[in-house]
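Observations on the model geometry
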Amino acid sequence: MKWENWVGLLGLALITVGHYQGLFVAPPEAMMGDVGRILYAHVPTAWVALVVYLVAFVAAVGSLGTGRRGWDAMVESAVEVGVVLNLLLLFQGAVWAKPTWGVFWTWDPRLTTTAIMAVSFIGVLVLRAMLTRPAQRAVASAVYTIFAFVSVPVVYFSVKWWKTLHQPFSSPETVDSPMVTPLRVAAFGMLFLAVFFMARRWRLAYAKLSREDEAPDLPPAAAAIQLEGGGS
Amino acid sequence: MSEPTPSSPAATPPGGLSARQRRTFLVGSVLVALLALGGIASVDMSENLVYFWEPRELYAAGDDAYGAQIRLGGLVKEGTLQWDEGAQELKMVVTDGQADVTVHATGAPPQMLREGIGVVVEGTMTKEGVFKTDRLMVKHSNEYRAPQEGVETKELYKTVEGLE
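We now turn to the structure provided with this report. (Residues numbered from 1 in each chain as written. Chains lettered and ligands numbered in written order. Predicted model: local features only at pLDDT ≥ 70, side-chain atom pairs only at ≥ 80, totals over all residues. Heavy atoms only, no water.)

So, on to the overall build of chain A. Along its length, chain A carries eight helices and zero strands. Ordered by position in the sequence, the α and β elements of chain A form the string α-α-α-α-α-α-α-α. When burial is assessed residue by residue, chain A has 51% of its 232 residues classed as buried. Only carbon and sulfur atoms are counted for the fraction: they give 71% of the accessible area of chain A, which is about 10,700 Å². (Helix = DSSP H or I, 4+ residues; strand = E, 2+ residues; numbered from the N terminus. Buried < 20%, exposed > 50% of the residue type's maximum accessible area, 1.4 Å probe, protein only. Areas by Shrake-Rupley, 256 points an atom, 1.4 Å probe, with all protein chains shown as cover.)

What follows is the structure, given as structure tokens:
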């Protein structure tokens, strides 16, 4: 079995244990009641989304530095997994916000910057889909990934820099100890699952890029256009 | 790997950039990103990027505050929360410790609303000195606590605590 499958299984096990503890063992939150248990899903998603975007940034630097296809494939895989987690994060946030804050959405700096972060990295995926020349696509999407990454520290510090409705950073001091353990277990589970998805996605991207390089004059996208009769 | 075309140097893939050009892009884009981040972090955007005003800022705006769509944030002052279930009307005083604003809200308030908690309300300040809103949001702090001993879970879901 490939190494990432073991990581994925470990992640699945940790997520299961963490959420079992979060749902059935940990106490309800004093003000939010059982709704507060979405903490164990939302906070790990946020942490891991930012870490995965950091991987995308490192991959973009590696891609520009070396020009190797492996780094380019990693840009593709990390950005895609990051976008999925980012959209999941926004959705979980809305589900949590309605019963607690009273609204699904508000233009609070933390929420707004998180939405900007999603749109920025979706831009990387759109760019990659548009460019058909492999070398040009690798450079352009790496440069754009580095620009998009600016949004990541801004999201992280948004609750510190500006007045928000979203709560500021939590720490083990602000979270009661029976809630800290399931949070940590679920966070590591989420991290390992993300590593699994990134590794799987990387293999797919690498295989696709390798095939393109064998026929650089006829990239798959251009070939598809000709097949559909759309090419002039 | 395909053979490079005769006109291009061996290090450059078809349609690609040389290693030097790529590294120029790398240094350039990281510099631009750092400058952008440094700009966002260091420039004081508190004038332009304001999610809500606190009561003293509302009063400081003077006449400009009247009739404009405003977000007001502060704490629900102890002993001021009144909920009229029949009329679905809520009255409270929002304070920042220095100034107070009387707020009238319509619609069912979120379950977490209670005295002393942070709120953000969207609406307008009237000439009568009452802030009217139909969008009331309750702020949760970064503290996640277990309920105190003896508190039934059901008790946590009471709407507008302490007013029944």
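Let's shift gears to helix α1 (residues 3–25) of chain A. Residues and elements named next belong to chain A. Over its 23 residues, α1 runs 32 Å from end to end, which matches the ideal 33 Å to within 8%, given 1.5 Å per residue. When we look at burial in α1, the residues that qualify are E4, V7, G8, G11, I15, G18 and G22. The secondary structure elements touched by the buried residues of α1 are α2 (39–66) and α7 (177–214). (Expected span 1.5 Å × (residues − 1). Contact = heavy atoms within 4.5 Å.)

What follows concerns helix α4 (residues 109–130) of chain A. Relative to the 32 Å expected for 22 residues at 1.5 Å per residue, α4(A) spans 31 Å between its end C-alpha atoms, a close match to the ideal helical length. Where α4(A) starts, the residue carrying a side-chain oxygen 2.8 Å from the main-chain nitrogen of R110(A) turns out to be D108(A). (Polar contact = N/O pair within 3.5 Å; in protein donor to acceptor, adjacent residues only side chain to side chain.)

A few words on unusual backbone geometry. Glycine aside, a negative phi is what most residues show, and trans is what most peptide bonds show. Although it is not a glycine, Q88(B) adopts a positive phi angle of roughly 55°. Here Q88(B) falls in the partly exposed class, since its relative accessible area comes to 32%.

Counting residues at the interface gives 52 residues for chain A, matched by 51 residues for chain B. With both sides pooled, the region where chain A packs onto chain B buries about 4,400 Å², and carbon together with sulfur makes up 63% of that total. Looking at the side of chain A facing chain B, the largest losses of area belong to M31(A), K163(A) and L165(A), adding up to 15% of the total buried there. Here chain A is connected to chain B by three salt bridges. Here chain A is connected to chain B by 21 residue pairs in polar contact (both at pLDDT 80 or more). Looking at side-chain class alone, the side of chain A that touches chain B contains 31 nonpolar, 13 polar and eight charged residues. (Buried area = accessible area lost by both parts, 1.4 Å probe. Salt bridge = Lys/Arg side-chain N within 4 Å of Asp/Glu carboxyl O. Nonpolar A, V, L, I, M, F, W, Y, C, P; charged D, E, K, R; others polar.)

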